[in-house]
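The primary structure of each chain is shown beneath.
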2 protein chains.
Amino acid sequence: MVTKLKRFLIGRPMKSTELAEEKLTKLKALAVLSSDALSSVAYGTEQILLVLMAVGFSALWYSIPISLAVLGLLLVLILSYRQTIYAYPSGGGAYIVAKENLGVPFGLVAGGSLLVDYILTVAVSASAGTDAITSAFPSLHEDRVLIAVFMIAALTILNLRGITESATILAYPVYLFIFAILVLIGAGVFQFATGAVPFTGTTYGAAVNGISLFLLVKAFSSGCSALTGVEAVSNAIPNFKAPAEKNAARTLMMMGAILGVMFMGISLLAYWYGITPTAKETVVSQIAAATFGRGMMYYFIQAVTALILFLAANTAFSAFPLLAFMLAKDKFMPHMFMMRGDRLGFSNGIIVLGVFSAILIVIFHGDTENLIPLYAIGVFIPFTLSQAGMMKRWITLKPSGWAVPFLINTVGMLTTLTITLIFVVTKFSQIWMVFLFLPAVILAFRKINQHYRDIADELRIDIATEKPVVKGSVIVIPVAGVTKVVSSTIGYAKSLTDNVVAVYVGFDEESIKKMEAKWEQWNPGVRLIVLRSRYRSIIRPLMKFIETVEWKTADTDHVTVLIPQFITKKWWHNFLHNQTSWLIRAYLYTRRDVTIATFPYHLQK
Amino acid sequence: MVTKLKRFLIGRPMKSTELAEEKLTKLKALAVLSSDALSSVAYGTEQILLVLMAVGFSALWYSIPISLAVLGLLLVLILSYRQTIYAYPSGGGAYIVAKENLGVPFGLVAGGSLLVDYILTVAVSASAGTDAITSAFPSLHEDRVLIAVFMIAALTILNLRGITESATILAYPVYLFIFAILVLIGAGVFQFATGAVPFTGTTYGAAVNGISLFLLVKAFSSGCSALTGVEAVSNAIPNFKAPAEKNAARTLMMMGAILGVMFMGISLLAYWYGITPTAKETVVSQIAAATFGRGMMYYFIQAVTALILFLAANTAFSAFPLLAFMLAKDKFMPHMFMMRGDRLGFSNGIIVLGVFSAILIVIFHGDTENLIPLYAIGVFIPFTLSQAGMMKRWITLKPSGWAVPFLINTVGMLTTLTITLIFVVTKFSQIWMVFLFLPAVILAFRKINQHYRDIADELRIDIATEKPVVKGSVIVIPVAGVTKVVSSTIGYAKSLTDNVVAVYVGFDEESIKKMEAKWEQWNPGVRLIVLRSRYRSIIRPLMKFIETVEWKTADTDHVTVLIPQFITKKWWHNFLHNQTSWLIRAYLYTRRDVTIATFPYHLQK
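Residues numbered from 1 in each chain as written. Chains lettered and ligands numbered in written order. Predicted model: local features only at pLDDT ≥ 70, side-chain atom pairs only at ≥ 80, totals over all residues. Heavy atoms only, no water.

Per an unreviewed UniProt entry, chain A goes by APC family permease and derives from Brevibacillus thermoruber. Per UniProt, chain A carries the Subcellular location (unreviewed entry) text "Membrane". (UniProt positions renumbered as here; feature names shortened; annotations may be inferred.)

And the structure:
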């Protein structure tokens, strides 16, 4: 039943050799890996305008130089990550770059913040996308948590099915979004150029009272939220078709160009149209309404905007499992993140990401907007570390012509470091959590690593001298009566050793006498030991008995507890049996140095 | 950890011989068993007035004859259940009486509807009590589901601690409620008699337009909701101190008298004061306000009313586990309901009741008022069957002087049958569910019974001829490398049989070659079999291999799969190990006729 459901949802299992077929083409990679970055266009300009509006309408012209500054930063980041792709063709991103160049601690800081950040990406994107839907259909407002969780579940299943298949399904909305925004910008520019829509913005370069450097810097850092997600490509190079680095680099450039054009276009139109941010309508919505009126084209733009926000979450579904895999390979995360599932994706990473982000949605009742600054700083910390790592690399390796790349990374590092510090200064009340759970995550990494190393030491064997030691054996069988199951179990035990003991726990003298008489009459060739229980517990007297047996025989014998267990024909029959055998196993599991064996008895009815 | 929490919540385990000490005195039994019945006073009169108000204020005088009729029915029920107590001193109530006299099918109908009804009692009482609290503190309204679920959790824990202890804790509110309502009635009657509060009711016996027999009958049946819970005493006779029957009968009479006085008193005061039911204030609240003003005494009455509604839920916590025990003893419910817990209560019944009623609360968002008619019919079906059973008993046994008791039961049966039919006719839209899940519950009883009988047949052994059969043995050990754990496991296996095979599942040729070389070098005296897995699954090749071994050796050998398992020192270490061993066990559990043994390896760090 479970297996069938799994097959239906996830598809047939695939061979390891099919892995190559699962690689991404450039166009598909653009869809899978860039939706996070591109969807930022939906709110980047708005974030800048919101800060400037604190001063007044006349300050809005600053959005143009600030947007240009963001564009400049985008260029720096793209160039810088392009260098990373060629330097680390096996994929890596901030974790690998920081670890290899700056040392493990910095690597863990980068890895930890990215890991947390991907969870935030999914939660923020899913709830923002849900907001877009519920804005269009207010009657759904009550069900927003449900919708967001449903979307996350859908993304989880798609990703468990495998990368290429999800790309095929998810590619179209990304292309549609790019198409829609480019058409919007084109039509807007055309209408503005022909004078169909008059210029209503503020005078460019006009002096503005009350503007301060702090405010401009804050507006700039807010605008940098448009850049979240550009690192996704460099993390996922191994997912590309060969030649992977080249394809990844081209995809990155393509994404950067599209993102830059869309972001600058939206900012320009917003300025020309004199648009001010309001609580009720997004900037993109206002621009679309001004350009096309509230007709079909307007709703189309709104719909694809909502859609791409959901797909932004999908970027994290590609990146998180890969990062978890790398951390697991270095023994900083549990081994289970290294296992590829039936469909070749890292299933455990996908599932953990889905579960944690869904929990965030539920805890915050779908209002995850407050997590956006947290999410942004979670991106800029690894940005900074990654570039610092690249700087170190250039200095160490000194390849020919290393000055220019070194300069690019230096500029990038200083800029992203500055932005990180601006975030800390201007938005501390919203991001202080990062200083709690980043150390917590890193501590967990350390603890896990320590444990794996301890265990490896403990289990290491000297194959020349240490050989298996053979001892004697005692088998203890708890019995509740004289039945076919008991007979089979005793038969099995006697085929392993002659040292078999049956144990009966009696609650009252009457049943004990009856049992003893019946056993004697049956005479199965095994001694029956009767334990009296005044507490009606089968477990406690049994434990004591086993303890005694263990203590008496520890040097000479292994102790095995053999539990007869019904295998029922229907699942609900389990409620009718086996409670005691489960209890015995649960108690024995951690407490005793005995082997627990379950003898299956298949019920026919 | 879990054990410590359990001890803290539930207390130390108790001996079976302490059972006698856990018996109830009459006064305590009154508290434990009568809160359900007594709390009905809080809404009984109101239910009558609500129906009469459909005609108009002038019809309210009918509440007096109707209340008298309810009082008459109460008398009949009390007398009738008194007879049951003496006839069935080992406790029984409707299930036992109907089963023994009318046959198993009727017994199951009675038992099934009571079982469902107890769950409804808990849900309805807990949410009604919560309503009383949130009416007083409107700011808590949002948290009503939480409050109700918390109350249920608290009751569950109290009951797991044991009956007497819960009685001590729960007795005072019941006494306080009785005291408060009697003081209210006394003060009200005094004030009315002295003319301090004038008579404002309608003329008694005045002709009323639009009144119909249907309406009066409906009002009567609504008033019968004041009688829910009177059966609790006769179900719980074995919980009484010796002489149990006599004490139970006296408790029943005491309860009947108190209930009668309180119900009639409230009805009279409501009539005298001319009180009409409103949506915002309960009838009891109006009477209390009219008598004392909105002072301390008023709030005291409201508080104990809220409290006793929670305690009404507690009645079900005494009755449900006992009924489940009796059904389990007759093999209509799973065995687990027969086990007494550490504190001598039937823990599983208590827990199941708590969980199911909490689920009802959550599903209905705490608005369980619609369940009240369902709850009432769930009481009157077993009432009717119980009395019919007693009639049959008198006819069959014909003890001296059986005519009067027979008459009492006949009157009772006819009345409760009539009320049941009135419910079906006048409130079908609210109770149709009963005709769905009553048959479902009875079907489940039947299925469980059939299964247990089948299994008993299947497991029966002829102790003269059937003895344990000894065969050979093969032990299969899945290994992942050459470590201390593998060495110990092999040592253990070799002490049981010489026929031991180690199995290694390899994903690629490189690791397979390495493993084979290392094994040869180590030479533990056990053959290594290498399986190749193209799907990266350890499970599937292993299953196939075990299947083959089983098929080859089924006649001569038992097959045992011995799984080395890490026993970690800290619970979270489990996330770092054992995934594969759990998977193997889960797959083997239902599918193969092999014994699964777990060899524990205690990690030191």
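Next comes the rest of the account.
Undergrad: Even after reading the chapter, I still don't get helix H12 (residues 283-292) of chain A, so can you show me in this structure?
TA: Owing to its 3.6 residues per turn, the α-helix brings residues three or four apart onto one side. Burial analysis of H12 of chain A places 8 of its 10 residues in the buried class, which makes it a mostly covered element. Considered for burial, the residues of H12 of chain A that qualify are Val283, Val284, Ser285, Gln286, Ile287, Ala288, Ala289 and Thr291 of chain A. (Buried < 20%, exposed > 50% of the residue type's maximum accessible area, 1.4 Å probe, protein only. Helix = DSSP H or I, 4+ residues; strand = E, 2+ residues; numbered from the N terminus.)

Undergrad: Explain the environment of Arg144 of chain B to me, please; I cannot follow it from the model alone.
TA: Turning to its location among the elements, Arg144 of chain B is positioned in helix H7 (residues 144-161). The spacing of Arg144 of chain B and Gly366 of chain B is 222 residues in sequence and 6.5 Å in space, taken between C-alpha atoms.

Undergrad: Sorry if this is basic, but what is going on with the pairing of strand E2 (residues 500-506) of chain A here?
TA: Within a regular strand, the side chains alternate between the two sheet faces. Residues and elements named next belong to chain A. Of all 7 residues making up E2, 7 are buried, and the element is well covered by its neighbours. With 5 bridges joining them, strand E1 (residues 472-479) and E2 adopt parallel strand pairing. What sits directly across from Ile477, in E2, is Ala502. As defined by bridge partners, E2 adjoins strand E3 (residues 527-532) across 6 bridges and the pair is classed as parallel. (Pairing = 2+ DSSP bridges.)

Undergrad: Hey, could you run me through empty space enclosed by the protein in this one?
TA: Applying the stated criterion to the full structure yields 6 cavities of 30 Å³ or more. In this structure, the largest cavity occupies an estimated 60 Å³ of space. Considering the residues around the largest cavity, the lining is formed by Ile475, Tyr492, Leu496, Thr560, Leu562 and Ala597 of chain A together with Ile475, Tyr492, Leu496, Thr560, Leu562 and Ala597 of chain B. Of all the secondary-structure elements, those providing two or more residues to the lining of the largest cavity are helix H19 (484-496) and strand E4 (557-567) of chain A together with strand E4 (557-567) of chain B. Classifying every residue of the lining of the largest cavity by side-chain character gives 10 nonpolar, 2 polar and no charged. In terms of lining, the second largest cavity is formed by Leu49, Phe57, Leu60, Ser63, Gly201, Thr202, Ala270, Tyr271, Gly274 and Ile275 of chain B. Its residues assigned to classes, the lining of the second largest cavity comprises 6 nonpolar, 4 polar and no charged. (1 Å grid on protein atoms, 1.4 Å probe; cavity = no way out; pocket = protein on both sides within 12 Å on 5 of 7 lines; lining within 4 Å. Points joined across faces, edges and corners; volume = space filled by probe spheres on them. Nonpolar A, V, L, I, M, F, W, Y, C, P; charged D, E, K, R; others polar.)

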